[in-house]
Amino acid sequence: MSVDIEDWFHLLETPIGSDVEGWRQLPSRMEDPVRRIIALLQSTGRRATFYVVGWVAKEHPEIIQLIDEAGFEVACQSMNHTLVSGMTEREFYEDTRVAIDTIEQKVGKKVISYRAPGFSIIERTAFVWPIMVDLGIERDSSLFLPKSGHGGVRKLPALKPFKIEVSGKVIKEYPIVPFYKAGIQIPFAGGGYFRLFPYVAMNFFSKSSDYLMAYIHPRDLDYEQPKIEELNLLRMFKSYYGLKSAENKYQRWLSDYNFCDIDGFDQSYDWSKAPVFNYLDLW
Ligand SMILES: [Zn+2]
């Protein structure tokens, strides 16, 4: 289980979501849903890895503190929630370096896990892997199958965690995989997909998965959040459908499946048998 820590206005490829300077003027709505997510994890005895946007660490350190004090891993999800697929190599280096520094300063611990906003590490962004190694990242969870809204890839070298070899060093990859059967791929494991499907479908997809990396955002559990009017109908639907029933569904999901964080997963996964791919040969 993972939690992507960002606010209600951090919607990719929207004017409000790109207006970093304007964000300070907007009311933050993360604290209440973050507290509820932590409480649900604790009451069900589950664990999660929290991928935090660097801007949140800088402007709302109290949120990071809540997560850290509850004993959960604070990982990195970029500085300003910008698509990696639109960045140059230099921009990715700077964004990731500043994000990691900012989060490490607030938490006082080394950041070793990364996720790209909108799962935007794609086939042509091979430059990210050596940079991650340089910056001390050891585990990535940015690859999403299939192609979707803002990122995702057409195929994955493996449908379970694998190693990416980068000039003698290794990054462990924890991809987000869909339900797949007879050529159909149905993403379901988090965010808008999680809100869309009724629990009976979520349960079926989850039960059918050998490996499941789930993700949720605080705004997925915030049905009173301001609705951003400038979204088109499809984005409106994707962003706000199913908010009211999300918390109950999330609680059932957490109760029914033994979700763990990345550390917990590593304890039971035989990494010595995991597939290995060079970062230049992923596709
Ligand atoms: Zn995000």
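Each remark here, short or long, concerns the structure printed above.
Residues numbered from 1 in each chain as written. Predicted model: local features only at pLDDT ≥ 70, side-chain atom pairs only at ≥ 80, totals over all residues. Heavy atoms only, no water.

Enquirer: Looking at this structure, how should I read the packing of helix α2 (residues 31-44) against helix α10 (residues 243-256)?
Expert: To characterise two packed helices, one gives the angle between the axes of the helices and the distance between these axes. In the contact formed by α2 and α10, the axes pass within 9 Å of each other and the chain directions differ by 30°. One element, α2, and the other, α10, form an angle in the roughly parallel class. Crossing of α2 over α10 shows right-handed handedness. Between α2 and α10, the contacting residues are Arg36, Ile37, Leu40, Leu41 and Thr44 on the first element and Glu247, Tyr250, Gln251, Leu254 and Ser255 on the second. (Axes fitted to C-alpha atoms, helices over the stretch in contact; angles between N-to-C directions. Helix = DSSP H or I, 4+ residues; strand = E, 2+ residues; numbered from the N terminus. Parallel < 35°, antiparallel > 145°, perpendicular 65-115°, else oblique. Left-handed = near helix turned anticlockwise from the far one by under 90°. Contact = heavy atoms within 4.5 Å.)

Enquirer: What should I look at first to understand the layout of surface pockets in this one?
Expert: One simple way to see leftover space: roll a probe sized like a water molecule over the atoms. Of the voids in this model, the largest pocket is the one considered here, and its volume is about 650 Å³. Taken together, 31 residues form the lining of the largest pocket, with His150, Gly192, Tyr193, His217 and Lys238 sitting closest to its centre. Secondary-structure elements contributing two or more residues to the lining of the largest pocket are α7 (191-196) and α9 (233-240). The leading source of residues in the lining of the largest pocket is α7, at 5 residues. Of the residues that constitute the lining of the largest pocket, the class distribution is 11 nonpolar, 12 polar and 8 charged. Taken as a whole, the second largest pocket holds about 380 Å³ of empty space. As for the second largest pocket, its lining consists of 19 residues, of which Tyr211, Leu212, Met213, Cys260 and Phe265 are closest to the centre. Among the secondary structure elements, those contributing two or more residues to the lining of the second largest pocket are α8 (199-207) and α11 (262-268). Among the elements that make up the lining of the second largest pocket, the one with the highest residue count is α11 (3 residues). Classifying every residue of the lining of the second largest pocket gives 11 nonpolar, 4 polar and 4 charged. (1 Å grid on protein atoms, 1.4 Å probe; cavity = no way out; pocket = protein on both sides within 12 Å on 5 of 7 lines; lining within 4 Å. Points joined across faces, edges and corners; volume = space filled by probe spheres on them. Nonpolar A, V, L, I, M, F, W, Y, C, P; charged D, E, K, R; others polar.)

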